[in-house]
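Residue strings, one per chain:
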Amino acid sequence: MSEPLVVNAGDRSVGELLAALDEGRRVTVRTEFLGSEHEVTLRHDGDIYYCDTPTRLHRHETAAEMRECIENQGYASDA
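Residues numbered from 1 in each chain as written. Predicted model: local features only at pLDDT ≥ 70, side-chain atom pairs only at ≥ 80, totals over all residues. Heavy atoms only, no water.

Caption draft 1: Structural context of the pairing of strand 5 (residues 57-60). The alternating pattern of strand 5 places His58 and His60 on a buried face, while none of Leu57 and Arg59, on the opposite face, is buried. Pairing of strand 4 (residues 49-52) with strand 5, which is carried by four bridges, proceeds in the antiparallel orientation. Counted as the bridge partner of Tyr50 is Arg59 from strand 5. Linking strand 4 to strand 5, which pair antiparallel, is a turn of four residues. (Buried < 20%, exposed > 50% of the residue type's maximum accessible area, 1.4 Å probe, protein only. Helix = DSSP H or I, 4+ residues; strand = E, 2+ residues; numbered from the N terminus. Pairing = 2+ DSSP bridges.)

Here is the structure:
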């Protein structure tokens, strides 16, 4: 298993995050919510994309759904 990619929210583009997931890497995104730092883990098992937050596990069937989640949650830069 390759090393996880650890980034701060907004450091990488959606394309970069999806590329890392498609390479089999887990992506840990550090984000701030209600004044405290949280880590969100993004992963792809080859079929399903997962977004594991401190309160919920989101499942996404397609890269397009995962892209929308990453954009909506503000995990990626606008680039």
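Caption draft 2: Structural detail: the packing of aromatic side chains. Overall, the coordinates contain zero aromatic pairs when judged by the stated rule. A cation sits over an aromatic face here: Arg43 above Tyr50, 4.3 Å from the ring centre. (Phe/Tyr/Trp six-rings, centres within 6.5 Å; stacked < 30°, edge-to-face > 60°. Lys NZ or Arg CZ within 6 Å of the ring centre and 35° of its normal.)

Caption draft 3: Just the state of the cysteines, in detail. Scanning all chains against the criterion turns up zero disulfides. Note on Cys51: no disulfide assigned, nearest cysteine sulfur contributed by Cys69 at a separation of 4.0 Å. Look at Cys69 and you get buried, because its relative accessible area is 7%. (Disulfide = S-S within 2.5 Å.)

Caption draft 4: Geometry of the sheet that holds strand 1 (residues 5-8). One open sheet accounts for five strands, arranged 1-2-3-4-5; its pairing is mixed. Looking along the sheet, the strands with just one partner apiece sit at the ends: strand 1 and strand 5. Averaged over all pairs of adjacent strands, the angle between their axes in this sheet comes to 20 degrees, without regard to strand direction. The sheet contacts of helix 2 (residues 63-73) involve strand 3 (36-44), strand 4 and strand 5, and relative to strand 4 the element is tilted by about 20 degrees. (Axes fitted to C-alpha atoms, helices over the stretch in contact; angles between N-to-C directions. Contact = heavy atoms within 4.5 Å.)

By themselves, these are just geometric observations and shouldn't be taken as functional.
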